Amino acid sequence: MFTIRSRRDLSILLERQMTAASTRLTSPSIEEDIEGRTALKTYLLEAHGELRTDTFAALEALCGPLGVTVERGDEPEMFELSIGELQFWLDTSGGRVFRLYTVGAAKDADRVHEMLVSGSGQLECVWLPPRALESLARAADSRMVLFSLRHDRRPLRRTPDAQGIDSVTLRFWGPRARETLDKLRHSDVLPASTSVYSVRVRVGDEERYCLAEVFHNGKITAVGTSFTEHQTIVRQLLDEHDSLVEGLEQARRTPRRVNVPLRWNLDDLAFGVARVFSGAEPFRLWGIPETLSDDRYRVHAVDLDVGRTATFEVDRDGVSFSLGPSTPASVAIRFASALQYHVDADLRDDVLAPDPLLQLALPPASERGPFDERAQVADVARIVLPEVCALWVRGAQGVTTQAVLDATHGPERATDALHDLARRVLSEAAAHEWRQWLKFFSVSDGPRAGAWRFASSLPYERNARLRELVRLNRASQQLVARLAGTGLSRWLQLSLFGPEAMVTPMAEE
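Source: prediction; values computed, not measured. (Residues numbered from 1 in each chain as written. Predicted model: local features only at pLDDT ≥ 70, side-chain atom pairs only at ≥ 80, totals over all residues. Heavy atoms only, no water.)

**Looking at the overall build of the protein**
Filter applied, for reference: Secondary structure elements follow DSSP: runs of H or I no shorter than four residues count as helices, runs of E no shorter than two count as strands, and numbering proceeds from the N terminus. Buried, partly exposed and exposed residues are distinguished by accessible area as a fraction of the type maximum, computed with a 1.4 Å probe on protein chains only: under 20%, between the cut-offs, and over 50%, respectively. Contact definition: two residues touch when any of their heavy atoms are within 4.5 Å. Here, Shrake-Rupley sampling with a 1.4 Å probe gives the accessible areas, and only protein chains in the shown set may cover a residue.
The secondary structure content of the protein amounts to 15 helices and 20 strands. The buried share of the protein, reckoned over its 509 residues, is 56%. In the protein, 67% of the contacts between residues at least 6 apart in sequence involve partners at least 24 apart. As displayed, the protein offers around 22300 Å² of accessible surface, 49% of which is attributable to carbon and sulfur atoms.

Structure (structure tokens):
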């Protein structure tokens, strides 16, 4: 175990560990070397909410249930995290983006990293699109020595593509990696399937260098003799990330929607849309699609990494979307990257760049997200249920109609009629399809009254968490179908009792 109290001490230690790892590069297994115990692993993490305003308290609340202990360093921006023999050092001096370092084994470190980003909506990976990864090799003193491709359309297709390529997994190591990648793209050997998933670059000279592999989820594994060169790579990535975030946030402040032109290479677009918004991997978006016309859909969905919502419109020409007022730009970055990895790798590299982004922005369609007092209950449910799911993802213990309408309309626009509609959806959910997840808690008069509690917290383990949310999504689709009169359980609408009368409120603890 190492005792590190300042960023200077940390940089000295990490450089020594990188150097120690680099001496093993004569080993036959280059993969074992760079992923080995002494190699430096850096995870770029984007912080939200209290993690940026009250970092230590929020870290303790996040890490405590995971068995991870948190200690302060001598500098206010430094924290040490440990679980068993595994040590991490968290540098929060970057503001929005934290840097998590460790020299532990990659498998164990990845497991802890996954727990941290899965446990709440306050910490997520810094998603690096293919454009950002490839930009590392454009610097004068850097050279790409490895690239990997992972393209997979299978989750969105009913049947294999007899004329094309459904899945590509490729890892190329060699001094001419960049030239090989360019030849693959121009030869049409792997059409629309060459989005870079990771790159390995060498930066520096013979004496002071860093050999680093950078993955699309913000993980960097490095060996070499210079921690300074490693930080150069990190700064380049974060500069690229900041430019994307700035452009997206600027677009969100205008009354426009972001448009992504796209070629859907799918046999059944309806099936693909349902899978994208089911809550499952690889998109992790949770919503209930509404069919507007043939091959045209609208979805109010929650991003399961941060627990914030966005509204999407999908047709054969592509996807347009608008982020909610509290939704970070990272949601758009990850969504566009997922489209490149699972739909069309030829999606333009600058699709999320600031200037082209504003040129491609379209005027908004009619406002359907914030429902009005005359909306059908089924349409209200398509908006309310994702907002309730978002609260659960962010760790809320319960929900009220006020909390939902604050997110959809704002506190100034929530009328009694809107509260009544939201209350009916929540009551129907707790009484029927959501009864194992949502419990009616209090009974009182008035449209703004009533509260509901979640039966339990979401699991921290990522796969278990997603499985539970997928089950909730299926139940939500059944609920919306019943409210619309198209479900199999229409008889439930003929009950002589309202939904609140059919359940026993939870007793206050």
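**Topic: empty space enclosed by the protein**
Test applied: As defined here, a cavity is a set of points on a 1 Å grid over the protein atoms alone where a 1.4 Å probe fits but cannot get out. A pocket is an open set with protein on both sides within 12 Å along at least five of seven lines, and residues line them when an atom is within 4 Å of a point. Grid points are joined across faces, edges and corners, and a volume is the space filled by probe spheres set on the points.
Summed over all chains, the structure comprises six cavities of 30 Å³ or more. Its boundaries defined by the atoms lining it, the largest cavity holds a volume of some 80 Å³. Around the largest cavity, the lining residues are V117, S118, R284, L304, D305, V393, R462, R465, L466 and L469. For the lining of the largest cavity, the secondary-structure elements that each account for two or more residues are α5 (106-118) and α15 (462-483). It is α15 that provides the largest number of residues to the lining of the largest cavity, a total of four residues.

**Considerations on the environment of L86**
Relative to the assigned elements, L86 resides in strand β4 (residues 86-91). In this structure L86 comes out as buried when scored by relative accessible area, which is 11%. Along the chain, L86 and G104 lie 18 residues apart, while their C-alpha atoms are 6.1 Å from each other. Ignoring any residue separated from it by four or fewer positions in sequence, one finds L86 in contact with L81, T102, G104, D108, A109 and V112.

**Concerning helix α8 (residues 227-252)**
Put simply, the rule reads: Here the expected length of a helix is defined as 1.5 Å per residue gap, with one fewer gap than residues. N or O atoms closer than or at 3.5 Å make up a polar contact, with two conditions inside protein: a donor-capable atom paired with an acceptor-capable one, and, for residues adjacent in sequence, both atoms drawn from side chains.
The end-to-end C-alpha distance of α8, which contains 26 residues, comes to 37 Å, matching closely the 38 Å that a straight helix rising 1.5 Å per residue would cover. The N-terminus of α8 is capped by S226, whose side-chain oxygen sits 3.4 Å from the backbone nitrogen of T228.

**Overview of the environment of L133**
The topology assignment puts L133 in helix α6 (residues 130-135). Here L133 falls in the buried class, since its relative accessible area comes to 0%. Sequence separation of L133 and G218 is 85 residues, and the distance between their C-alpha atoms is 9.9 Å. For L133, the residues in contact, after removing those within four places along its chain, are L128, V196, Y197, S198, V199, V214, F215, H216 and Y341.

**Comments concerning the packing of aromatic side chains**
A ring pair, where both rings are aromatic, is described by two values, the distance of the centres and the angle of the planes. What counts here: The criterion for an aromatic pair is that two Phe, Tyr or Trp rings (for Trp, the six-membered ring) have centres within 6.5 Å, with stacked assigned to planes under 30 degrees apart, edge-to-face to planes over 60 apart and tilted to the rest. Whether a charge sits over a ring comes down to the Lys NZ or Arg CZ being within 6 Å of the ring centre and within 35 degrees of the ring normal.
A full pass over the atoms with the stated rule returns 11 aromatic pairs. Relative to F172, the ring of F147 lies with its centre 5.6 Å away and its plane at 25°, an arrangement referred to as stacked. Placement of the pair is F147 in strand β7 (residues 142-152) and F172 in strand β8 (residues 167-173), with a sequence separation of 25 residues. The class of F147 is buried, set by a relative accessible area of 0%. Taken together, the ring pairs connect F277, F283, F312, F321 and F335 into an aromatic cluster. Above the plane of the ring of F56 lies R72, whose end atom (NZ or CZ) is 3.9 Å from the centre. Seen from the ring of F441, R453 lies directly overhead, with NZ or CZ sitting 4.1 Å from the centre.

**Comments concerning the sheet that holds strand β18 (residues 398-399)**
Strand pairing in a sheet takes place through backbone hydrogen bonds and is either antiparallel or parallel in direction. So the rule is basically this: Note on pairing: DSSP must find at least two bridges between two strands before they are called paired. Lines are fitted to the C-alpha atoms to define the axes, a helix being fitted only along its stretch in contact, and any angle between axes, read from their N-to-C directions, falls within 0 to 180 degrees.
If you trace the three strands from one edge of the open sheet to the other, you get β18-β20-β19, paired in antiparallel fashion. In the strand order of this sheet, the two ends are held by β18 and β19 (438-442), each with one partner. Note that β18 and strand β20 (residues 451-454) share two bridges and pair antiparallel. Counterpart to G398 in the pairing with β20 is R453. Together, β18, β19 and β20 form the strand contacts of helix α14 (residues 416-431), whose direction differs from that of β20 by roughly 40°.

**A look at the pattern of salt bridges**
Two side chains with opposite charge may pair up if their charged atoms get near one another. What counts is decided by this rule: Between Lys or Arg on one side and Asp or Glu on the other, a salt bridge is scored when a side-chain nitrogen of the former is within 4 Å of a carboxyl oxygen of the latter.
In this structure the tally under the stated criterion is 30 salt bridges. The partner of E46 in a salt bridge is R96, with the nearest N and O atoms 3.9 Å apart. Placement of E46 in strand β1 (residues 40-47) and of R96 in the loop between β4 and β5 (97-102) is noted, with a sequence separation of 50 residues between them. Among the residues examined, E46 registers a relative accessible area of 2% and is labelled buried.

**Side note on the packing of helix α12 (residues 377-393) against α14**
Applicable threshold: Any angle from 65 to 115 degrees is called roughly perpendicular, while one under 35 is roughly parallel, one over 145 is roughly antiparallel, and all others are oblique.
At their nearest, the axes of α12 and α14 sit 9 Å apart, and the two run at 75° to each other. Put simply, α12 runs roughly perpendicular to α14. Here V377, V380, A381, V384, L385 and V388 of α12 come into contact with α14, specifically with L421, A422, R424, V425, L426 and A429.

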